[in-house]
Amino acid sequence: AGRGSGLVPWVRATGGDRRMILEGVYERLDPEGEPEPVVYDSPHSGRLYPADFGSALPQKLLRRAEDAYVDELIADAPTLGVTVLHALFPRAYIDPNRSEDDIDVALLKEPWHAPLAPSDKTRLGIGLIRRVVQPGLDIYDRKLEVAEAKQRIARYHRPYLAELERVVRAARERCGRVWHIHWHSMKSQGNAATPDGEGCARPDFVLGDLHGAACAPELTQTVRGFLADHGHRVAVNDPYAGAAILRGMANPACGIHCLQIEISRALYLDEAEVVRSGGFEGLRATVRALTRHLTTTFA
């Protein structure tokens, strides 16, 4: 655990026949009744902090990197026939929405003896293994061993992505096509590490489809129209168009349609305290209504 941070230990959860857990890595919730060709995933809502994290920050500050409680916003989708996958580990530990070679060598104690391709995200401190929660909040006061970075990739990053790929491809094979919704939340205002910059106010939702490359246009249009009809401000591909998971997963020509949905945390969260606000239940109802609309439209 982080020194004096109060990080939680590993726990083994149990559940019914429709709930599959790889301890500390992910939880999969399978559909009730007939499966629909819709898959949800939330890669950044994990809040089980590994004992070997070794962060210099208290958990309260580390949690600001989470897409906190997005897993709860989508948790009842299986009652409508949707498969749900969400990470249990925190993105501040390792980010499944970054490529394996997106590594900040400044974090490492020794050389990394393999080709690397650090992205702009890594240069901002938010690559595969984060250097910061946000500008001014450094996660470590130490260098990481190469072995521990590789262990995070093998133990957490690869299994999550492998399970997501398996679930998405199984739905596509079963139904001929699949509509994958990639759920995230975002700060209500940008900062120095975000594409839109410091203090930039954001809409309620940002939809990302890699500028049209990740899904058929009707998926983006359907979600955008539904949310707008419910009184929300919606942007598309600005400031977020999608990252490694969409780039690696989406293949509309082969029937794999992927759309990223970013939710403004101001809708449901006290951002400083990372606790649910009074808007949480209303937003959960909106997400459920959207799920019903998607399963009706794209069945």
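The coordinates are above.
Starting afresh in each chain, residues are numbered from 1 along the sequence in its written order. Residue-level local features of this predicted model are given only where pLDDT is at least 70; pairs of side-chain atoms are given and counted only at 80 or more, and the full residue set underlies all totals for whole chains, interfaces and linings. Remark: hydrogens and water are excluded; side-chain values derive from all non-hydrogen atoms of the structure.

**Q** I tried to follow the nonpolar core on my own but got confused; where do I start?
**A** Side chains that are nonpolar tend, in soluble globular proteins, to be buried together. Throughout this description, the term nonpolar core refers to a set of buried Ala, Val, Leu, Ile, Met, Phe, Trp, Tyr and Cys residues connected via side-chain atoms within 4.5 Å. Think of it in three bands: with a 1.4 Å probe and only protein chains considered, a residue is buried below 20% of the maximum accessible area for its type, exposed above 50%, and partly exposed in between. Of all hydrophobic cores here, the largest spans 43 residues; its most connected members are F53, L62, I94, I129, I139 and Y160. Strands here mean DSSP runs of E at least two residues long; helices mean DSSP runs of H or I at least four residues long; both are numbered from the N terminus. At the level of elements, β4 (83–87), α4 (146–175), α6 (244–249) and β8 (256–264) are the ones that each hand at least two residues to this core. Contact between two residues is taken to exist if any of their heavy atoms lie within 4.5 Å; hydrogens are not considered. I139 has contacts with F53, S55, A56, L57, L62, A92, R130, R131, V132 and V133, leaving out every residue within four places of it along the chain. Residues Y40, I74, V84 and C215 belong to the second largest nonpolar core, which totals 35 residues.

**Q** Sorry if this is basic, but what is going on with the sheet that holds strand β3 (residues 38–42) here?
**A** Within a sheet, adjacent strands bond to each other through the backbone by hydrogen bonds, running parallel or antiparallel. The pairing criterion is simple: DSSP has to find at least two bridges between the two strands. A sheet is described by the order of its strands in space; here eight strands give the open sequence β1-β2-β4-β3-β5-β8-β6-β7, paired in mixed fashion. Edge strands, defined here as strands with exactly one partner in the open sheet, are β1 (19–22) and β7 (234–236). The average angle at which neighbouring strand axes cross in this sheet is 20°, direction not considered. Across nine bridges, strand β5 (residues 178–186) lies against β8 in parallel orientation. Its bridge partner lying in β8, H180 is registered against C258. For every element, the axis is a line fit to its C-alpha atoms; helices are fit only across the contacting stretch, and the angle between N-to-C directions ranges from 0 to 180 degrees.

**Q** Could you clarify how one ought to interpret the layout of surface pockets in this entry?
**A** Over the atoms rolls a probe the size of a water molecule, and in doing so it shows where empty space is left. Using only the protein atoms, space was sampled on a 1 Å grid; points where a 1.4 Å probe fits but cannot get out form cavities, open sets with protein on both sides within 12 Å along at least five of seven lines form pockets, and lining residues are those with an atom within 4 Å of a point. Grid points are joined across faces, edges and corners, and a volume is the space filled by probe spheres set on the points. In this structure, the largest pocket encloses a volume near 530 Å³. As for the largest pocket, its lining consists of 34 residues, of which R91, R98, K121, I126 and Y240 are closest to the centre. The biggest single contributor to the lining of the largest pocket is β5, with three residues. Each residue receives one of three labels: charged for Asp, Glu, Lys and Arg, nonpolar for Ala, Val, Leu, Ile, Met, Phe, Trp, Tyr, Cys and Pro, and polar for the others, Gly being one of them. For the lining of the largest pocket, a count of residues per class yields 11 nonpolar, 11 polar and 12 charged. Estimates place the volume of the second largest pocket at around 250 Å³.

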